[in-house]
Amino acid sequence: MVRDYYHLCCRYRGRPVEIRDRFGRIHRGIIDRVTPSHVYIRPIRARGPRSFGGFGFGFFGFGAAAFAIAIGAIVALSLIPFWFFW
């Protein structure tokens, strides 16, 4: 299962995703890089003061630092469409 998420993360590199981990946390961001043990994502931030259902209207900040999520902790990974932010 871990190997499947590794390959999935490699395939979705550079794309906006939502990752749910086994601790119940939800991480939304752009996959920046992938190692055999971690996936690094840049967080998605809202441009304006409004937020819609936890997602931000607008797009992400490229200056945001990427943070790591252990691949072994991933229980779900799904793509977020770019048009959702515009």
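Computed from a predicted model, the values in this text were never measured in an experiment. (Residues numbered from 1 in each chain as written. Predicted model: local features only at pLDDT ≥ 70, side-chain atom pairs only at ≥ 80, totals over all residues. Heavy atoms only, no water.)

Draft legend 1. The nonpolar core, seen in detail. Core analysis: the largest hydrophobic core is formed by 14 residues, its most contacted members being Cys 9, Ile 19, Ile 31, Val 39, Ile 74 and Leu 77. Of all the elements in the fold, those that place two or more residues in this core are α1 (2-11), β1 (16-21), β2 (26-34), β3 (38-43) and β7 (74-79). No other element matches α1, which puts three residues into this core. When residues no more than four places from it in sequence are discounted, the contact partners of Cys 9 are Ile 31, Val 34, Val 39, Ile 74 and Leu 77. (Core = buried A, V, L, I, M, F, W, Y, C linked by side-chain atoms within 4.5 Å. Buried < 20%, exposed > 50% of the residue type's maximum accessible area, 1.4 Å probe, protein only. Helix = DSSP H or I, 4+ residues; strand = E, 2+ residues; numbered from the N terminus. Contact = heavy atoms within 4.5 Å.)

Draft legend 2. Geometry of the pattern of salt bridges. This structure, assessed with the given rule, holds four salt bridges. Among the ionic pairs, Glu 18 bridges to Arg 28, the shortest N-O distance being 3.0 Å. With Glu 18 in strand β1 and Arg 28 in strand β2, this residue pair connects regions lying ten residues apart in the sequence. The class for Glu 18 is buried, based on a relative accessible area of 11%. Where Arg 42 meets Asp 32, a salt bridge forms, and the shortest distance between an N and an O atom there is 3.6 Å. Taken together, the residues span a long stretch of sequence, with Arg 42 in strand β3 and Asp 32 in strand β2 at a distance of ten residues. Taking the relative accessible area as the measure of exposure, Asp 32 reaches 29% and is therefore partly exposed. A cluster of three or more residues bridged by salt bridges with shared partners is formed by Glu 18, Arg 20 and Arg 28. (Salt bridge = Lys/Arg side-chain N within 4 Å of Asp/Glu carboxyl O.)

Draft legend 3. Structural context of the sheet that holds β2. Spatially, β6-β3-β2-β1-β7 is the arrangement adopted by the five strands of the open sheet, whose pairing is antiparallel. Each of the sheet's edge strands pairs with one partner strand only, and the pair in question is β6 (67-70) and β7. Mean inter-strand twist for the sheet, computed between neighbouring axes without regard to direction, equals 45 degrees. Pairing geometry for β1 and β2, over five bridges, is antiparallel. Considered in β2, the bridge of Glu 18 is made with Arg 28. Of the strands in this sheet, β2, β3 and β7 touch α1, which is tilted by about 25 degrees from β7. (Pairing = 2+ DSSP bridges. Axes fitted to C-alpha atoms, helices over the stretch in contact; angles between N-to-C directions.)

Geometric values such as these leave the question of function open.
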